[in-house]
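Coordinate inspection notes
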Amino acid sequence: MKDLSKSVSLPIEGMTCASCVGRVERALSAVPGVTRANVNLATERANVHFEGTVERDSLVQAVVEAGYEVPSESVKLAIDGMTCASCVGRVELALMNVPGVSEANVNLATGRASVRGSAEVAGLIAAIKHAGYDAREIVDSDKTVGSTTEKLDQEDLALRRDLVIASTLTFPVFLLEMGSHLIPAFSHWVMSTIGTQVSWYIQFVLTSLVLLGPGRRFYTKGFPALVRGAPDMNSLVAVGTTAAYLYSIVATFAPSILPAGTISVYFEAAAVITTLILLGRWMETRAKGRTSEAIKRLVGLQAKTARVRRNGKIEEVPVADVVVGDVVEVRPGERVPVDGEVVEGASYIDESMVTGEPLPVAKENGAAVVGGTVNQTGALTLRATAVGGDTMLAQIIRMVEEAQGSKLPIQALVDKVTMYFVPVVMVLALLTFGLWFFLGPEPSLTYALVNAVAVLIIACPCAMGLATPTSIMVGTGRGAEMGVLYRKGEALQLLKDARVVALDKTGTLTEGHPRMTDFEVLEGSDRSDVLAKIAAVESKSEHPIARAIVAAAEQEDLLLPDVTNLESVTGMGVVATVGSDRVEIGADRYMASVGYDVAEFAEVANRLADVGKSPIYAAIGGKLAAIIAVADPVKKSTPGAIDAFHQLGFKVAMITGDNRRTAEAVARQLGIDQVIAEVLPRGKVDAVRALKKEHGSVAFVGDGINDAPALAEADVGLAIGTGTDVAIEAADVVLMSGSLKGGLNAIALSVATLRNIKQNLFWAFAYNTILLPVAAGALWPHFGILLSPVFAAGAMAFSSIFVLGNALRLRRWVAPMADS
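Residues numbered from 1 in each chain as written. Predicted model: local features only at pLDDT ≥ 70, side-chain atom pairs only at ≥ 80, totals over all residues. Heavy atoms only, no water.

What about the overall build of the protein?
The number of helices and strands found in the protein is 29 helices and 29 strands. Taking all 820 residues of the protein together, the buried fraction comes to 52%. For the protein, contacts bridging at least 24 residues in sequence account for 68% of all contacts bridging at least 6. Carbon together with sulfur atoms contributes 58% to the accessible area of the protein, which is approximately 35800 Å² in total. (Helix = DSSP H or I, 4+ residues; strand = E, 2+ residues; numbered from the N terminus. Buried < 20%, exposed > 50% of the residue type's maximum accessible area, 1.4 Å probe, protein only. Contact = heavy atoms within 4.5 Å. Areas by Shrake-Rupley, 256 points an atom, 1.4 Å probe, with all protein chains shown as cover.)

What follows is the structure, given as structure tokens:
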């Protein structure tokens, strides 16, 4: 069953690790009416599903109470009906009265409103309508991406600035302390010049500047989270560095308080840990920016302006100002600004950004064009059929964004672990301190402090939180570049588990429309003359077979002669006069009824029957002249795709409403394992259920309205993107190329992405499992090895960078059936 609940997406600020994700999800799920909340650390967004009515403000409040922020967003609205300044005042007042609106600016000249805050668009439009005006949202497809990119750029700038400051201040601290330990000559120089105590004073001042300046972010977030009883990664860093810092202050300014032999400073640990974690955060931010490259590239495909015919002249206007019905001109080499239908001109258009197919597609009067595609050779004039958020490119961008923000079932394991991870680490740090303090060697207090801080610092669950969402973002983005759109991120995992690929026939395996595939004439007949006469008779019929024969004649540029005395014999054939010749066309039984022996074509007829084609015969001037076959031909890419499915170990089934003889002939031709034919849409659902019961998880590929129920019933539904909107809406994955090879690529990408996720999770969990005991001092009794808090901070930063780097490898993934 499909999820019928409503949903809303919220940006979240302040999350730093997987435990933050868990806390935000729990806070949102606790809001009455919320059925599910998925929070993505990589995209920093929450997708909240609810039933009934749930106020956005209540969701925002829940996030704030959990210790995080929901930044205000900007919405642009087009308003109709304003005529004067008082109208502007009324609309602004109406908008400001909507809960959650912090700022509203209305412009009479442009007829637009810009609104900032947390209010829903539907509420804003309703308020304007209540004030007596009409409004609609101006959908700028790069709005979300642009704001996200801007946010990441600002974060990158701030972190880079703080990292430079922290590094500059930390280096002298590290040099004074560690240099004295590692280089005896340097230690002697310090002692003989400034002295140990002055060295500690300098370290205190510089470390204080590091912690209160660049490192302040960890304390302003970490300690409040600790007070709420919901510690996060910031809490671990805050507690660890504060413990080292305060201990060093006591050793510096009140050494008499400490037991003999324990007087030492760890200013360098606090400063270096802060600097290394800032380095890790900065590198994470840069990597996060790269994970959304696919979205940025899609947004970059949009034209910024369009040339529109208005009032008898051509005006260049922003794409956002184009409305449905506008006549738009597109020059050679330009991007098509909006979806439309060609009304003048002919050209070839590169649609690879939508379909993944490299060959340009011919366009002429009546042809549909997609916004963002590139016009090649000729000038085109088109009538806009979809603009703004309704264009195919905008819908693709939305699909990719939704898939990138979704959560895979495998993430449930991570959520369960991280929910308890940070509190367990805090307890483990306390136990480490206690064991070393009461059972460790002297100076026990020093050992207890160093090892407890190392446990706190190394245990950051950032890598766990980033393991799954970053791979999803890069994987779904790579799919979009190949024309494979995951409408739901869950399909990535479910596709990998499929055991059977079930396929519709018409439009999926085949072209989807009949074509004359065979035409043979008896010796002594002129092929072109015979085809022209047959096509002339068939041109009077609207039957699909007749249209296919006429299309074949037109393709050969044949001139069709005049037809008279046309007579149709229902269910049998047709007879007419063409020129001075009587032309009779029909199946074998019709030919036999009017006295023709079709045995002369027996060999050809048998060959056609073997591949499921029904022959049609034609007699001209009282003599048998030709045998014709019209069929829905198999797509060129289909045989290779079926072979590849078999090589991957899938069982391939065909489910079709076509007659069994034709279906089995196609199945024999392609090597399909199982055929279920002559079924209605309901029968397709039953067939999918039967395949599930017999083999396990089923992926179904289809394109028509009659495939929608089966697409919804399958574990994963893959819709051919050239099919109907109904089929696409029912599917989990859309194959924009219209080729079955897209299904193979979707499954292969699913396998690659899940493998990548498992690699990330293994690294994240193994890292903590192995290094936490080491940080606690497990190697000390046998090997005399302790993990310095400084090295713990470096290892913690490296784990996140490793996970992000591994996820980014998917950007270079090559499809098994990519175009050469």
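Quick look at the sheet that holds strand β19 (residues 515-521)
Taken together, the six strands give an open sheet; going across it, the order is β19-β24-β23-β22-β21-β20, and neighbouring strands pair in antiparallel fashion. Because the sheet does not close on itself, it has two edges, and the strands there are β19 and β20 (563-569). Pairwise comparison of adjacent strand axes, ignoring direction, gives a mean angle of 20° for this sheet. Pairing analysis gives six bridges linking strand β21 (residues 573-578) to strand β22 (residues 581-586), with the strands arranged antiparallel. Across the sheet, A576 pairs through a bridge with V583, a residue of β22. Against the sheet, helix α18 (residues 527-538) touches β19, β20, β21, β22, β23 (615-620) and β24 (623-631), its axis set at about 130° to β19. (Pairing = 2+ DSSP bridges. Axes fitted to C-alpha atoms, helices over the stretch in contact; angles between N-to-C directions.)

A closer look at the pattern of salt bridges
Per the stated rule, a full pass over the model turns up 19 salt bridges. Note that D581 and K533 form a salt bridge whose closest N and O atoms lie 2.7 Å from each other. Highlighted residues: D581 in strand β22 and K533 in helix α18, separated in sequence by 48 residues. Taking the shortest distance from any N to any O, the salt bridge between E584 and R582 comes out at 3.4 Å. A relative accessible area of 48% means that R582 is categorised as partly exposed. Connected through salt bridges with shared partners, the residues D686, R689, K692 and E713 form a single ionic network. (Salt bridge = Lys/Arg side-chain N within 4 Å of Asp/Glu carboxyl O.)

Comments concerning helix α2 (residues 56-65)
For α2, the complete set of buried residues consists of R56, L59, V60, A62 and V63. Summarising the axial view, the buried residues of α2 lie within an arc of 160°, below the 170-degree limit, and thus occupy one face. The inward-facing, buried residues of α2 abut β1 (6-11), α1 (18-29), β2 (34-40), β3 (45-50) and β4 (73-80). Positive backbone phi, at 100°, marks G67, one or two positions downstream of α2. (Arc of directions from axis to C-beta.)

Some points on the UniProt feature "transmembrane region" (unreviewed entry) in the protein
In the numbering used here, UniProt assigns the feature "transmembrane region" (unreviewed entry) to residues 163-186, 198-215, 236-257, 263-282, 417-439, 445-468, 761-780 and 786-808. With 83% helix and 0% strand, residues 198-215 has its two end C-alpha atoms placed 24 Å apart. Note that residues 263-282 is 80% helix and 0% strand, and that its end C-alpha atoms are spaced 35 Å apart. (UniProt positions renumbered as here; feature names shortened; annotations may be inferred.)

Considerations on the confidence of the model for the protein
For the protein, the mean per-residue pLDDT works out to 81, and 87% of the residues sit at or above 70. Least confident of the elements in the protein is helix α26 (residues 725-730), whose mean pLDDT is 61; most confident is strand β25 (residues 651-655), at 93. (pLDDT = per-residue confidence, 0-100.)

Regarding the sheet that holds strand β7 (residues 134-137)
Pairing in this open sheet of four strands is antiparallel, and the strands run β5-β6-β4-β7 from one edge to the other. With partners counted over all chains shown, the strands left at the sheet margins are β5 (101-107) and β7, one partner each. Averaged over all neighbouring strand pairs, the angle between strand axes comes to 25°, with direction disregarded. Two elements, β5 and strand β6 (residues 112-117), share six bridges in a ladder whose sense is antiparallel. Bridging from a neighbouring strand, N107 pairs with R112 of β6.

Here's the deal with the pairing of strand β18 (residues 500-503)
Each regular strand carries side chains that alternate between the two faces of the sheet. Because side chains alternate across β18, one face comprises the buried residues V500 and A502, and the other comprises V501 and L503, equally buried. Note: β18 against β25, four bridges, orientation parallel. For V500, the partnering residue across the bridge sits in β25 and is K651. Bridge count for β18 against strand β27 (residues 698-702) is four bridges, and the pairing is parallel. Each bridged residue has a counterpart across the sheet, and for L503 the counterpart in β27 is V701.

Focus on unusual backbone geometry
Cis peptide bonds are those with omega within 30 degrees of zero, and the linkage from E442 to P443 qualifies with -5°. Tracing the sequence through the fold places P443 in the loop between α14 (411-439) and α15 (444-458). Phi at N311 takes a positive value of approximately 55°, unusual for a residue other than glycine. Along the chain, the position of N311 falls in the loop between β8 (305-310) and β9 (313-318). Unusually for a residue other than glycine, N565 sits at a positive phi of about 55°. If you trace the backbone, N565 turns up in strand β20. Judged by relative accessible area, N565 falls into the exposed class, the value being 63%.

Structural notes on the nonpolar core
Counting residues in hydrophobic clusters, the biggest one holds 134 residues, and the most contacted among them are L28 and V733. Among the elements that take part in this core, helix α27 (residues 741-776) stands out by supplying 15 residues, more than any other. The two domains that each donate at least three residues to this core are domain 1 (6-66) and domain 4 (487-510 + 636-736). Among residues more than four places away in sequence, those in contact with V733 are V484, L485, Y486, R487, A491, L495, V716, G717, L718, A719 and A746. Core analysis: the second largest hydrophobic core is formed by 27 residues, L531, V537, V563 and A626 among them. (Core = buried A, V, L, I, M, F, W, Y, C linked by side-chain atoms within 4.5 Å. Domains from an automatic or database assignment.)

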